[in-house]
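Below, each chain spelled out in residue letters.
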Amino acid sequence: MPATVVMGGQWGDEGKGKLTDLLAASADIVVRANGGANAGHTVQTDQDTFALHLIPSGIFNQNCLSIVGAGVVVDPQKIIEEIDDLESRGVSLAPLRISARAHVVLPYHLFLDALDEAQRGEGSIGTTLRGIGPAYSDKTGRRGLRMAELIDTDVLRYRLSQELPRWNRVLERVYGAEIIDGDALFEELIRYSARLRPFVSETEPIVADALASGQRIIVECAQGAMLDIDYGTYPYVTSSSTSAAGACQGAGVPPMGVDRVLGVFKAYSTRVGAGPMPTELEDATGQLIRDRGHEYGTTTGRPRRTGWFDAVAARHVTRLNGISDIAVTLLDVFDVFETIQVCVAYDIDGEVVDTVPARADRLARARPIYEAVPGWRESTVNARRAEDLPQRALNYLSVIAERVGAPVSLVGVGPHRDQIVQLSVKPGTVVAGVGA
Ligand code: GDP
Ligand code: IMO
Ligand code: MG
């Protein structure tokens, strides 16, 4: 059976963890494709609420292998903390595998991330300070260390002797910062290496064999398509490919092996960190969304910027990634709203456009043009079937399907893994009699 990609359609935190956990219940393998400990994926089970950063959100389904793919950058300290935390809460890590090809986030990547941000000053990106940019730079610069090297003491010593002197020169001469002690770094990494060795293997043949034998694979992306290194709001993006194509690359799944690209979108927009966000609401409505959606970062605790659903950005993302169907999450946040706005075009310097411009400064000047949609003003949190949803909520979903150009197949009505409705709202099916 071909693979399903679960990807974020906005600026991250769309609820990918919850959706991956849901789909993992009937899957054989979940592979995380990209990003690192910058991600924070929440899964709420009957037992507890878990925030995962590097471990795939399939881990609560013990019949399913959870693979950290080659496209991920692994901070060994962070993943060990996560393993320990999950074990202490009774979650078995037996299904966890880490690709030997995944790159390692090293302590100096964390320093460099902070130093780069400080140097950017007013133009700072607002990164998560998890060393992501420097780790991916080392990877594409062919200076990176991979998990296969971390777990081999001799190779690790040799590679550090190659890479560290260069970074120490940069730290000292470019940034005027303290240099890193090689022996202490080696000792630290040796400890991580011993702990992680049992999890590291050549995971790519596992994925290829599973595909060949018709098993079900879920590819879990991190971040969101508007943070993609190529198609996001560059330079206010992350350093990996957060797209469906990046999912294939990072997970080791060939493109022809994918038959479903599930785009996860919130019913509204959020963004953490800097960069343009045309529908941002810096008023009481924005605060109401933040409060009702508990919009504070899973990884950094920062308040998320909030705004109306941006159908221009969503359509851009849907077309670029071939999104086959959409999950609309956090619909319940709108349960008390009288009117909801959907951005259907931008006014940029007096010109009406319905695509996302390449230049971030142009997007920053975009004034949203809205379509008003009536709210339903009743609770959806107990809805489990399409029939349980108010007509006006279905109408809102049909406006999204129509504007974005893909059917809505899943709707989130609360954070718990059971608070989900499976349905089919196709483009062009605006519910009759529920006009604005
Ligand atoms: P991810 O990074 O895409 O996995 O998303 P995050 O976990 O960072 O952020 C999503 C937040 O929304 C988490 O706190 C989830 O528990 C919560 N959540 C997910 N789906 C829903 C939903 O349908 N309704 C509500 N109210 N909360 C949700
Ligand atoms: P999940 O997987 C939301 C944002 C940061 C910053 C920019 C670059 O939970 O959806 P980085 O540390 O990657 O160099 O930061 O990207 N960012 C995220 N925003 N959700 C995420 O992950 C994010 N990962 C990175 O806030 O603006
Ligand atoms: Mg998140």
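Residues numbered from 1 in each chain as written. Chains lettered and ligands numbered in written order. Predicted model: local features only at pLDDT ≥ 70, side-chain atom pairs only at ≥ 80, totals over all residues. Heavy atoms only, no water.

A. A look at the overall build of the protein. When helices and strands are counted, the protein shows 13 helices and 20 strands. Each principal axis of the C-alpha distribution contributes one length, and for the protein these read about 70 × 50 × 40 Å. The buried share among the 436 residues of the protein stands at 57%. Considering only contacts within the protein whose residues lie at least 6 apart along the sequence, 76% involve residues at least 24 apart. Approximately 17500 Å² of the protein is accessible, and the part contributed by carbon and sulfur atoms is 49%. Within the protein, one finds 43 positive and 55 negative side-chain charges whose respective centroids are separated by 2 Å. (Helix = DSSP H or I, 4+ residues; strand = E, 2+ residues; numbered from the N terminus. Buried < 20%, exposed > 50% of the residue type's maximum accessible area, 1.4 Å probe, protein only. Contact = heavy atoms within 4.5 Å. Areas by Shrake-Rupley, 256 points an atom, 1.4 Å probe, with all protein chains shown as cover. Lys, Arg positive; Asp, Glu negative; His and termini not counted. Charge placed at Lys NZ, Arg CZ, Asp CG, Glu CD.)

B. Inspection of the site of ligand 2 at higher detail. Around ligand 2, a shell composed of 20 residues is seen, among which Asp13, Lys16, His41, Thr128 and Thr238 lie nearest. Contact between ligand 2 and Gly126: an oxygen atom at 3.5 Å from a main-chain N or O atom of the residue. Contact distances for ligand 2 include 2.6 Å between an oxygen atom and a side-chain N or O atom of Thr238. Relative to its unbound accessible surface of 550 Å², ligand 2 loses 97% to contact with the protein. One can see that ligand 2 is located within the largest pocket. Of the residues in the shell around ligand 2, the class split is 7 nonpolar, 10 polar and 3 charged. (Near = heavy atom within 4 Å. Polar contact = N/O pair within 3.5 Å; in protein donor to acceptor, adjacent residues only side chain to side chain. 1 Å grid on protein atoms, 1.4 Å probe; cavity = no way out; pocket = protein on both sides within 12 Å on 5 of 7 lines; lining within 4 Å. Sits in = over half its atoms within 2 Å of the grid points. Nonpolar A, V, L, I, M, F, W, Y, C, P; charged D, E, K, R; others polar.)

C. Representation of the packing of aromatic side chains in the model. Applying the stated criterion across every chain yields a total of 9 aromatic pairs. Between Phe265 and Phe309, the aromatic rings sit 6.1 Å apart at their centres with planes inclined by 55°, giving tilted as the arrangement. In this pair, Phe265 is assigned in strand 11 (residues 258-266) and Phe309 in strand 14 (residues 309-310), connecting sequence segments 44 residues apart. An identical accessibility class is assigned to Phe265 and Phe309; each is buried. Seen from their ring centres, Phe334 and Tyr396 are 5.8 Å apart, and the 90° between their planes marks the pair as edge-to-face. Of the two residues, Phe334 sits in the loop between strand 15 (325-329) and strand 16 (339-348) while Tyr396 sits in helix 13 (residues 391-404), which places them 62 residues apart along the sequence. Each member of the pair, Phe334 as well as Tyr396, is classed as buried. (Phe/Tyr/Trp six-rings, centres within 6.5 Å; stacked < 30°, edge-to-face > 60°.)

D. Region of the structure containing the side chain of Thr45. Checked against the element boundaries, Thr45 lands in the loop between strand 3 (41-44) and strand 4 (49-52). A polar atom in the side chain of Thr45 sits 3.1 Å from the backbone nitrogen of Gln47.

E. How the structure looks around helix 10 (residues 284-292). Within the span of helix 10, buried status applies to Gly286, Ile289 and Arg290. One side of helix 10 holds all its buried residues, which, seen down the axis, span an arc of 100°. Considering only its buried residues, helix 10 is in contact with strand 13 (305-307). Remark: His294 follows helix 10 within two positions and exhibits a positive phi of approximately 50°. (Arc of directions from axis to C-beta.)

F. Molecular detail of the packing of helix 3 (residues 107-120) against helix 4 (residues 132-140). Remark: helix 3 packs on helix 4, axes separated minimally by 7 Å, with the N-to-C direction vectors making an angle of 115°. Crossing angle aside, the handedness with which helix 3 passes helix 4 is right-handed. Contacts between helix 3 and helix 4 pair Tyr108, His109, Leu112, Asp113 and Asp116 from the former with Ile132, Pro134, Ala135 and Asp138 from the latter. Considered class by class, the residues forming the contact of helix 3 with helix 4 number 5 nonpolar, 1 polar and 3 charged. (Axes fitted to C-alpha atoms, helices over the stretch in contact; angles between N-to-C directions. Left-handed = near helix turned anticlockwise from the far one by under 90°.)

G. View of the site of ligand 1. Near ligand 1 there are 17 residues, and of these Gly15, Lys16, Gly40, Thr42 and Asp332 occur at the shortest range. In the model, an oxygen atom of ligand 1 is placed 3.2 Å from a nitrogen or oxygen of the Gly412 main chain. Measuring from an oxygen atom of ligand 1, one finds a backbone N or O atom of Val413 at 3.3 Å. Compared with its free state, where it exposes 580 Å², ligand 1 has 92% of that area covered by protein. More than half of the atoms belonging to ligand 1 lie within 2 Å of the grid points that define the second largest pocket. Where the shell around ligand 1 is concerned, the elements lending two or more residues are helix 1 (16-24) and strand 3. Counting residues per element, the shell around ligand 1 draws most heavily on helix 1, which supplies 3 residues. Looking at the shell around ligand 1 residue by residue, the class counts come to 3 nonpolar, 8 polar and 6 charged. Taken domain by domain, the makeup of the shell around ligand 1 includes at least three residues from each of domain 1 (3-98 + 201-260) and domain 3 (265-425). (Domains from an automatic or database assignment.)

H. Summary view of the coordination of the magnesium ion (ligand 3). On the protein side, the magnesium ion (ligand 3) has Asp13 (OD) and Gly40 (O) as donor atoms, found 2.0 to 2.2 Å from it. Residue Asp13 is found in the loop between strand 1 (3-8) and helix 1, and its partner Gly40 is found in the loop between strand 2 (29-32) and strand 3; the two are separated by 27 residues along the sequence. Taking the relative accessible area as the measure of exposure, Asp13 reaches 22% and is therefore partly exposed. For Gly40, a relative accessible area of 10% translates into the label buried. (Donors = N, O, S within 2.8 Å, 3.2 Å for Na, K, Ca; no water.)

I. Just the domain arrangement of the protein, in detail. Segmentation of the protein into domains returns domain 1 (3-98 + 201-260), domain 2 (103-197) and domain 3 (265-425). In this structure, domain 2 and domain 3 have C-alpha centres spaced 37 Å apart. At the junction of the two partners, domain 2 supplies 6 residues and domain 3 supplies 5 residues. For the pair domain 2 and domain 3, the summed buried surface comes to about 360 Å²; carbon and sulfur atoms form 45% of the total. Of all residues in domain 2, Gly126, Thr128 and Arg130 give up the largest surface area on contact with domain 3, accounting jointly for 70% of the area buried on that side. Taken together, the links from domain 2 to domain 3 amount to 0 salt bridges. At the boundary of domain 2 and domain 3, one finds 2 residue pairs in polar contact (both at pLDDT 80 or more). (Buried area = accessible area lost by both parts, 1.4 Å probe. Salt bridge = Lys/Arg side-chain N within 4 Å of Asp/Glu carboxyl O.)

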